[in-house]
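Geometric and topological summary
Residues per chain, in single letters:
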Amino acid sequence: MTGTLVLAGTPIGDVRDAPPRLAEELAGADVVAAEDTRRLRRLTQALGVTPKGRVVSYFEGNESARTPELVEELAGGARVLLVTDAGMPSVSDPGYRLVAAAVERDVRVTAVPGPSAVLTALALSGLPVDRFCFEGFLPRKAGERLSRLREVAGERRTLVYFEAPHRLDDTLAAMAEAFGTDRRAAVCRELTKTYEEVRRGPLRELAEWAAEGVRGEITVVVEGAPDKGPEEFGAEELVRRVRVREEAGERRKEAIAAVAAQVGVPKREVFDAVVAAKNAGA
């Protein structure tokens with residue numbers, strides 16, 4: 001019989017948020033794969049747990065090489081526990097490769113739900129939570145970052161991002177450029193920790209605030225694009241959306257069809273706008 005892969009959520013700040021089952025799994029797993037074994041040691045000490053199984057590192061640098069080894073352990077019947085430094089494995093952290101490989105081998109995969117910076121920030125943001133999408137970390141290069149943001153400028157769902165503190169001011173400025181300076185957002189810093197802070201406001205104000213320097217773990221929540229009827233999308237906006245998709249690698253025909261479906265106008269209208277812009281040299 002094959003074993004079981006357990007994805008376990010760990011505290012994002014306050015160790016008291018650890019789910020009770022986490023201690024049980026840490027104590028009983030045959031193998032504990034940790035993003036940082038030193039941080040795991042501090043966590044187990046705080047929880048008063050001593051893992052009985054083998055502890056191995058599993059991080060971005062060795063994820064590809066170690067995945068086959070762990071899959072063989074699972075195929076042999078082992079119970080493998082995967083933990084990252086904070087939050088749920090696979091969510092902008094190591095884990096996806098191992099889950100995919102385990103599923104491919106018909107290994108059972110389960111989870112110990114735990115704290116999530118994404119959901120915590122979303123709940124505290126004061127922005128709509130009925131529909132949202134998680135975008136993870138943006139590209140570090142300014143041009144790539146702005147291009148990625150422009151791709152989702154028309155997204156109506158609330159957007160959630162992770163960001164490093166030293167890039168926060170540039171990211172918020174890029175968001176203001178791509179989404180509009182008045183788009184509402186919330187910067188959630190050091191969630192569940194001693195210096196937790198949630199700063200809310202329009203992107204232009206948040207960008208000015210962040211320019212003074214910000215520390216800690218950052219999650220940014222941004223309001224989705226306002227609802228518009230088809231009559232509110234001018235030719236210039238239709239052309240812009242097609243260009244964004246083309247820059248992302250889509251063929252023009254597919255980009256036109258996608259934009260037409262997204263904004264609720266006939267494909268012919270989008271096509272005519274693109275042709276007119278091309279003839280005008282825009």
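Residues numbered from 1 in each chain as written. Predicted model: local features only at pLDDT ≥ 70, side-chain atom pairs only at ≥ 80, totals over all residues. Heavy atoms only, no water.

For the protein chain, the helix and strand inventory stands at 11 helices and 10 strands. If one aligns the C-alpha atoms of the protein chain with their principal axes, the spans along those axes are about 70 × 45 × 30 Å. With 282 residues in all, the protein chain has 45% of them scored as buried. Residue pairs at least 24 apart in sequence account for 70% of intrachain contacts in the protein chain once pairs closer than 6 positions are excluded. When the accessible surface of the protein chain is split by element, carbon and sulfur atoms take 48% of a total near 14,800 Å². Across the protein chain, the 41 positively charged side chains and the 45 negatively charged ones have centroids separated by 2 Å. (Helix = DSSP H or I, 4+ residues; strand = E, 2+ residues; numbered from the N terminus. Buried < 20%, exposed > 50% of the residue type's maximum accessible area, 1.4 Å probe, protein only. Contact = heavy atoms within 4.5 Å. Areas by Shrake-Rupley, 256 points an atom, 1.4 Å probe, with all protein chains shown as cover. Lys, Arg positive; Asp, Glu negative; His and termini not counted. Charge placed at Lys NZ, Arg CZ, Asp CG, Glu CD.)

A few words now on the packing of aromatic side chains. Aromatic ring pairs are reported here in terms of the distance separating the ring centres and the angle at which the planes meet. In this structure the tally under the stated criterion is 2 aromatic pairs. The interplanar angle of 65 degrees and the centroid separation of 5.0 Å between the aromatic rings of Phe 134 and Phe 162 together place this pair among those described as edge-to-face. In this pair, Phe 134 sits in strand 6 (residues 132-137) while Phe 162 sits in strand 7 (residues 158-163), placing the two residues 28 residues apart along the sequence. With a relative accessible area of 30%, Phe 134 lands in the partly exposed category. What links up through ring pairs into an aromatic cluster is the set Phe 134, Phe 137 and Phe 162. (Phe/Tyr/Trp six-rings, centres within 6.5 Å; stacked < 30°, edge-to-face > 60°.)

Turning to helix 6 (residues 142-151), a few remarks are in order. Buried residues of helix 6: Arg 145, Leu 146 and Leu 149, and no others. Taken end-on, helix 6 shows its buried residues confined to a sector of 95 degrees, consistent with a single buried face. Summarising the contacts, the buried residues of helix 6 are in contact with strand 7 and helix 7 (168-179). (Arc of directions from axis to C-beta.)

Attention shifts here to the pattern of salt bridges. Throughout the structure, instances matching the rule amount to 24 salt bridges. A salt bridge links Glu 254 to Arg 251, with the shortest nitrogen-to-oxygen separation between them at 3.7 Å. The class for Glu 254 is partly exposed, based on a relative accessible area of 36%. Through salt bridges with shared partners, one network takes in Arg 54, Arg 66, Glu 69 and Glu 73. (Salt bridge = Lys/Arg side-chain N within 4 Å of Asp/Glu carboxyl O.)

Okay, unusual backbone geometry next. Phi angles above zero are rare outside glycine, and Asp 106 is one such case at about 60 degrees. Tracing the backbone through its elements, the reader meets Asp 106 in the loop between helix 4 (96-104) and strand 5 (108-112). One non-glycine residue with positive phi stands out, namely Glu 190, at about 55 degrees. Looking at where Glu 190 falls in the secondary structure, it is placed in the loop between strand 8 (184-189) and strand 9 (197-202). Residue Glu 190 is classed as buried on the basis of its relative accessible area of 16%.

Before going further, it helps to spend a moment on the sheet that holds strand 2 (residues 31-34). Ordered by their spatial adjacency, 5 strands build an open sheet running 3-2-4-1-5, and the pairing between neighbours is parallel. Every other strand in the sheet has two partners, leaving strand 3 (54-57) and strand 5 as the edge strands with one partner each. Here the average twist between neighbouring strands, direction ignored, is 20 degrees. Across 5 bridges, the pairing between strand 1 (residues 4-8) and strand 5 is parallel. Looking at the pairing, Ala 8 lines up with Val 112 of strand 5. The strands that helix 3 (residues 63-75) touches are strand 1, strand 2, strand 3 and strand 4 (79-83); relative to strand 3, the one it contacts most, it runs at about 155 degrees. Across the sheet, helix 4 lies against strand 1, strand 4 and strand 5, angled at about 155 degrees from strand 1, the strand it touches most. (Pairing = 2+ DSSP bridges. Axes fitted to C-alpha atoms, helices over the stretch in contact; angles between N-to-C directions.)

The strand order across the open sheet formed by 5 strands is 6-7-10-8-9, and the pairing between neighbours is mixed. Looking at which strands have only one partner, the edges of the open sheet turn out to be strand 6 and strand 9. Averaged over all adjacent pairs, the angle separating strand axes in this sheet is 20 degrees, with direction ignored. Examined bridge by bridge, strand 8 and strand 9 share 6 bridges and lie antiparallel to one another. Across the sheet, Arg 184 pairs through a bridge with Pro 202, a residue of strand 9.

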